[in-house]
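# Chains, contacts and geometry: an overview
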Amino acid sequence: MIALRSLKIDTMYRTHTCGELRISEVNKKVTLAGWMQRSRNLGGMTFIDMRDRYGITQLMFNMETNADLCKKAREIGREFVIQVIGKVAERSNKNPQLPTGDIEIIVEELNVLNAAKTPPFTIEDESDGGEDLRMKYRYLDLRRKPVASSIQLRHRMATETRKYLDSQGFIEVETPVLIKSTPEGARDFVVPSRMNPGEFYALPQSPQTFKQILMVAGFDKYFQIVKCFRDEDLRADRQPEFTQIDCEMSFIHQQDILDTFEGLIRHLFKTVKGVDLVKVPVMNYADAMRLYGSDKPDTRFEMTFVELKSLTPSLSKGEGVTDLTSGKGFKVFDDSEMVVGICAKGCANYSRKQLDELTEFVKKPQVGAKGLVYVKFEADGSIKSTVDKFYSADDLKKWMEKFNAAPGDLILILAGEADKTGKALSVLRLEMGERLGFRDKNVFKPLWVTDFPLLEWNEDDKRWYAMHHPFTSPKAEDVHLLETDPGKIRANAYDLVINGVELGGGSVRIHDKGLQKKMFNVLGFSDAEAEMKFSFLMNAFEFGAPPHGGIAFGFDRLCAMFGGSESIRDFIAFPKNNAGRDMMIDSPSPISEEQLKELHLKVTL
Ligand code: ASP
């Protein structure tokens, strides 16, 4: 067993970090402290890689010149906390991968500050630990460079967000965590109140109502980097608690918000990634659905939808009903509400195997299509399809014109109910984009999607739900539809999408009590219910509520995108696993009888 040595009070723990020393410091006497990452014994010499948050420095021990010290070094285990005093020397075997790779420390004194058990997985860039194991020992995982640098990136993003918003006159205000339900469409996490038997707080799904109240209070420009809680069924890469950059402004039109927050995103890209983001284009929801079958299209590539048959006129384009497929005896198309496809440029040479693969792909339950029709516009100008039996060369030529296809192109077509088919084709489009290498994670294509529908019909509950949340204002020109045709109302709501990922969303709010009341009614709240849940907001609206609106960005996801990762977990210091558990502290967990009693709760399972 190695004895720990207590340091004299006047001894500095370190003069430099493990990422700092360069060739210019050769011959300097230095003191370093950190963790033992790896050691190599090469007979006469022992090398140790010592790590801290800043990097790795190589330590050198020489058996010939200092046998005792070298022996001591050989007893140091992985992850021991050590301190060394020694001289910086030029390495004979340089490592160009490391910023400190030109030097090493010839160690003169070695102190063990703390011993360590052998870690349950390797703490290197690539680890052999499974996800749950790494989460259980998160403090060890956080020592790994890719994870540590993700957390550092997050810090940088938060700092730059604060800098930008501060420069624009925003102030950060903290809102409470023990509140009551905020309707963002998910379930609440609740906290029982010991002092108020039978009563519960809810954790905020967002600070939505508070930020609106701050506008009534005259704060004018608010933001907060804030934890939100949503008790949703867990899907991959969802966290029950997550962080938003939450913002609200008064006396603004939608355009002011788009401009201000395009500024934020641009600032982040510039300062954190050195990327000059293009001016963010705007597309309305109807166009996004028509062209991409998605309200969060990946616009890194075109491959937009072309309708061969659509029984609903494309309102946004002012086009009438299209039908280039019916009446030729192909029942699948005849019976479909929509026949729609994409053109994969230059893919007519796809093999039978590749096309079978695509057919299997669209039939997967997650995609949900019944089959795939394809047309090959061969390089020699001939056209071959899986529906040759039904359509003449002339028919197919018309299709090719509609697709603007050229020889060498491949057309992929799906048919069925409009909504489902659009969704399935959007998944196929992304798959093709992936296969063709159009989804480069170093290319950033932002997009504002605007004019979302205000309401969504839920067939199970037979009632309307707010698509964004109940405080979103309808477009002035659509308000009259509230009583007659609610589904047609467009909202002053917008999302920021980058590379097909929704990174933020918000709306211009209702600031008039009468309209807010009407909205609650449409959403099926009785006056009494609305009063019980939101009287504080409705009351506030009677005391001079300014016109206002805002937005919130998913901060974890934004960080993940900047870090080039699809998973948000590594950008959260202490994330929960797929089942919503914190593996390190083992939570959720039962509480004692006594606690339950105090909280006036009974558990019946
Ligand atoms: N509260 C909204 C959300 O969490 C954002 C907003 O409307 O500002 O999605």
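Since the structure is predicted, the reported quantities are computational estimates derived from the model, not experimental observations.

Analysis parameters
- Residues numbered from 1 in each chain as written.
- Predicted model: local features only at pLDDT ≥ 70, side-chain atom pairs only at ≥ 80, totals over all residues.
- Heavy atoms only, no water.
- Helix = DSSP H or I, 4+ residues; strand = E, 2+ residues; numbered from the N terminus.
- Expected span 1.5 Å × (residues − 1).
- Buried < 20%, exposed > 50% of the residue type's maximum accessible area, 1.4 Å probe, protein only.
- Pairing = 2+ DSSP bridges.
- Axes fitted to C-alpha atoms, helices over the stretch in contact; angles between N-to-C directions.
- Contact = heavy atoms within 4.5 Å.
- Near = heavy atom within 4 Å.
- Polar contact = N/O pair within 3.5 Å; in protein donor to acceptor, adjacent residues only side chain to side chain.
- Areas by Shrake-Rupley, 256 points an atom, 1.4 Å probe, with all protein chains shown as cover.
- Patch = residues over 30% accessible without salt bridge, like charges linked within 9 Å, V, L, I, M, F, W, Y side chains within 5 Å.
- Salt bridge = Lys/Arg side-chain N within 4 Å of Asp/Glu carboxyl O.
- Left-handed = near helix turned anticlockwise from the far one by under 90°.
- Nonpolar A, V, L, I, M, F, W, Y, C, P; charged D, E, K, R; others polar.

### Focus: helix H6 (residues 254-273)
Across its 20 residues, H6 extends 28 Å between first and last C-alpha, which sits within 8% of the 28 Å expected from 1.5 Å per residue. Within H6, burial applies to Gln 254, Ile 257, Leu 258, Thr 260, Phe 261, Glu 262, Gly 263, Leu 264, Ile 265, Leu 268, Phe 269 and Val 272. Just downstream of H6 lies Gly 274, where phi reads positive at about 65 degrees.

### Some remarks on the side chain of Thr 209
Along the polypeptide, Thr 209 turns up in helix H5 (residues 208-216). On the basis of relative accessibility, which here comes to 4%, the residue Thr 209 falls in the buried class.

### Things to note about the sheet that holds strand E5 (residues 103-114)
Taking strand neighbours around the barrel as the criterion, the five strands line up as E1-E2-E3-E5-E4 in a closed arrangement whose pairing is mixed. Here the average twist between neighbouring strands, direction ignored, is 55 degrees. Helix-sheet contacts for helix H1 (residues 67-74) involve strand E1 (29-42), strand E2 (45-52), strand E3 (55-62) and E5, and the interaxial angle to E5 is about 65 degrees.

### Re the site of the ligand
Near the ligand you find 14 residues, and of these Glu 184, Gln 208, Lys 211, His 468 and Arg 509 are the closest. Within the contact set of the ligand, a nitrogen atom lies 3.3 Å away from a side-chain nitrogen or oxygen of Ser 206. At 3.0 Å, a side-chain N or O of Arg 230 approaches an oxygen atom of the ligand. About the coverage of the ligand: the protein hides 92% of its 270 Å² of free accessible area. Counting residues per element, the ones that place at least two in the shell around the ligand are H5, strand E22 (501-508) and strand E23 (548-554). Here the element with the most residues in the shell around the ligand is E23; it accounts for three residues.

### Some points on a nonpolar patch on the surface
Taken together, the side chains of Tyr 139, Phe 574, Met 584 and Ile 585 define a hydrophobic patch exposed on the protein surface, amounting to about 400 Å² of accessible area. Among the secondary structure elements, Tyr 139 is positioned in helix H3 (residues 138-141).

### Examining the environment of Pro 297
The topology assignment puts Pro 297 in the loop between helix H7 (285-292) and strand E12 (306-310). For the pair formed by Pro 297 and Lys 533, sequence separation is 236 residues and the distance between their alpha carbons is 36 Å. Setting aside chain neighbours within four positions, we find Pro 297 in contact with Ala 288, Tyr 292, Leu 447, Val 449, Val 497 and Gly 500.

### Quick look at the packing of helix H4 (residues 145-167) against helix H15 (residues 555-562)
At a minimum axis distance of 10 Å, the contact between H4 and H15 shows a crossing angle of 115 degrees. Here the hand of the crossing between H4 and H15 comes out right-handed. Here Leu 153, Arg 154, Met 157 and Ala 158 of H4 come into contact with H15, specifically with Phe 555, Asp 556, Leu 558, Cys 559 and Phe 562. For the contact of H4 with H15, a count of residues per class yields seven nonpolar, no polar and two charged.

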